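This is what each chain is made of:
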Amino acid sequence: MSFFEVDNLSVSYGHISALRDVSIRVEEGTVVSIIGSNGAGKSTLMNAISGVVKRERGSLRLEGKALPGQAHRVVHSGIIQVPEGRRVFAGLTVTENLIMGGCRIPAAEARKKIPGMYELFPILGQRKNQMAGTLSGGEQQMLAIARGLMADPKILLLDEPSLGLAPIIVSQVFDIVKQINEKGITVLLVEQNASKAMSISDYTYVLETGKIVAEGSSDKLRNDDTIKKAYLGK
C-alpha cells in the first residue's frame, strides 16, 4: 500500500471525457511529477484529487483511508493544492494571505509558522505588509506556495508552478520545491516544463488525452528516447 493512491479516476465534462481510468501512486517523502502537453488533463487531475472537480468514478486513499469528494474535507485530510495561476488574495497583505492559508490549524499556531515562511521565502518577509496584488508573478507564486505550506500539508499539490514565469524565476521556484521536499513534505507536481519537473522528482507519470501512457523513475524516463523527443525537445 502506498502513502497516497489514486485508482481508476475518471472525469467528464458533459460528453467530453477529460480523464479515463487514471491510477497513480505516491510514496511518502517523494516528489512525483505528472507531465504532458497542454490539454492532456493534468489540471483536471489535480482538481479532481482536491475535490474542486467532481469524480465520475474512481477512488482516492491517503494513508490507507478513503478520501471524500468534498473539497473542504480533502483539505482537512491534509491534501493542499496550490492552484494554477497562483490566485493570491490581491487585496490582502502578504501576511494576511499566509494567515488565510492556515485553515487546518488554530490561528495562534498559524501565526507562529509565519516567521518560518519568511525564512524559506526571504522576499516575502521584505514584502510582508505589501498587498499581494502588487507583487511580481514570481513573488505571487512563492506566496501561493507559502500559503499552501501554512496548512501543514501531508501532500502538497503544485499545479503548473512555472507557468508564466521568467526562466531565472522558474529555477528559483524549483529550488524551493526541492527544499520543501527535503523538509519531509510529499509533493505531487503537475508541470508542462517536463525537463524541470523530472530533474527534481523521484517518479514521473506521462498523461496524454486523459490517460496515463507511461510511467517510471524520473531518471529512467529522462533517458527514454520517446520521452526525450516528445517532451524534452531532444
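Before any of the text, the structure's been laid out above.
Presented here is an overview of the structure given in this document.

Cut-off values and rules
- Residues numbered from 1 in each chain as written.
- Predicted model: local features only at pLDDT ≥ 70, side-chain atom pairs only at ≥ 80, totals over all residues.
- Heavy atoms only, no water.
- Pairing = 2+ DSSP bridges.
- Helix = DSSP H or I, 4+ residues; strand = E, 2+ residues; numbered from the N terminus.
- Contact = heavy atoms within 4.5 Å.
- Axes fitted to C-alpha atoms, helices over the stretch in contact; angles between N-to-C directions.
- Salt bridge = Lys/Arg side-chain N within 4 Å of Asp/Glu carboxyl O.
- 1 Å grid on protein atoms, 1.4 Å probe; cavity = no way out; pocket = protein on both sides within 12 Å on 5 of 7 lines; lining within 4 Å.
- Points joined across faces, edges and corners; volume = space filled by probe spheres on them.
- Nonpolar A, V, L, I, M, F, W, Y, C, P; charged D, E, K, R; others polar.
- Buried < 20%, exposed > 50% of the residue type's maximum accessible area, 1.4 Å probe, protein only.
- Core = buried A, V, L, I, M, F, W, Y, C linked by side-chain atoms within 4.5 Å.
- Lys, Arg positive; Asp, Glu negative; His and termini not counted.
- Polar contact = N/O pair within 3.5 Å; in protein donor to acceptor, adjacent residues only side chain to side chain.

**Observations concerning the sheet that holds strand 1 (residues 4-13)**
Strand order in the open sheet formed by 4 strands is 2-1-4-5, and the pairing between neighbours is antiparallel. Looking at the sheet topology across the chains shown, the edges are occupied by strand 2 (16-26) and strand 5 (65-66). Both strand 1 and strand 4 (residues 57-62) contribute to a ladder of 5 bridges, which runs antiparallel. Along strand 4, the bridge assignment pairs E5 with R61. Contacting strand 1, strand 2 and strand 4, helix 1 (residues 42-50) runs over the sheet at an angle of about 110 degrees to strand 1.

**Re the pattern of salt bridges**
On inspection of all chains with the given rule, the structure shows 8 salt bridges. Between D152 and K113 there is a salt bridge, with the nearest N and O atoms lying 2.9 Å from each other. Taken together, the residues span a long stretch of sequence, with D152 in the loop between helix 6 (137-149) and strand 7 (155-159) and K113 in helix 4 (residues 107-120) at a distance of 39 residues. Look at the salt bridges and you will find they share partners, linking E5, D7 and R25 into a network.

**Topic: the layout of surface pockets**
In this model, the largest pocket occupies a volume close to 510 Å³. Lining the largest pocket are 22 residues; nearest its centre among them are V75, Q81, V82, P83 and R147. Among the secondary structure elements, those contributing two or more residues to the lining of the largest pocket are helix 1, helix 2 (71-77), strand 6 (79-82), helix 3 (94-101) and helix 6. With 4 residues, strand 6 is the single largest residue contributor to the lining of the largest pocket. Partitioned by chemical class, the residues of the lining of the largest pocket number 12 nonpolar, 6 polar and 4 charged. Quantified by volume, the second largest pocket comes out at close to 180 Å³. As for the second largest pocket, its lining consists of K113, G116, M117, E119, L120, L149, D152, P153, K183 and I185. Among the elements that make up the lining of the second largest pocket, the one with the highest residue count is helix 4 (5 residues). Split into classes, the residues belonging to the lining of the second largest pocket amount to 5 nonpolar, 1 polar and 4 charged.

**Let's talk about unusual backbone geometry**
Within the chain, E63 stands out as a residue other than glycine whose phi angle is a positive 55 degrees. By the element assignment, E63 lies in the loop between strand 4 and strand 5. The phi torsion at D152 lies on the positive side, around 50 degrees, for a residue other than glycine. When its relative accessible area of 31% is taken as the criterion, D152 is described as partly exposed.

**Observations regarding the nonpolar core**
Nonpolar side chains in soluble globular proteins generally cluster together in the buried interior. The biggest cluster of nonpolar side chains holds 46 residues, and the ones touching the most others in it are F121, I145, L149, L156 and I180. When sequence neighbours within four positions are dropped, the list of residues in contact with L149 reads K113, M117, L120, F121, L156, I180 and I185. L45, V53, V74 and L157 belong to the second-largest nonpolar core, a separate cluster that totals 27 residues.

**Let's talk about the side chain of E191**
For E191, the location among the structural elements is in strand 8 (residues 186-191). One buried charge, E191, has no salt-bridge partner; the nearest side chain with opposite charge is K42, at 8.1 Å. A distance of 2.5 Å separates the side chain of E191 from the side chain of S162, its partner in a polar contact. What E191 contacts, discounting residues up to four positions off in sequence, is I34, I35, G36, K42, E160, P161, S162, F174 and A197.

**Concerning the pairing of strand 10 (residues 211-217)**
Of the pairings in the sheet, the one linking strand 9 (residues 203-208) to strand 10 comprises 6 bridges and is antiparallel in character. Looking across to strand 10, one finds that L207 is bridged to I212. The hairpin formed by strand 9 and strand 10 contains 2 residues between the paired strands, and T209 there has a positive phi angle of roughly 40 degrees.

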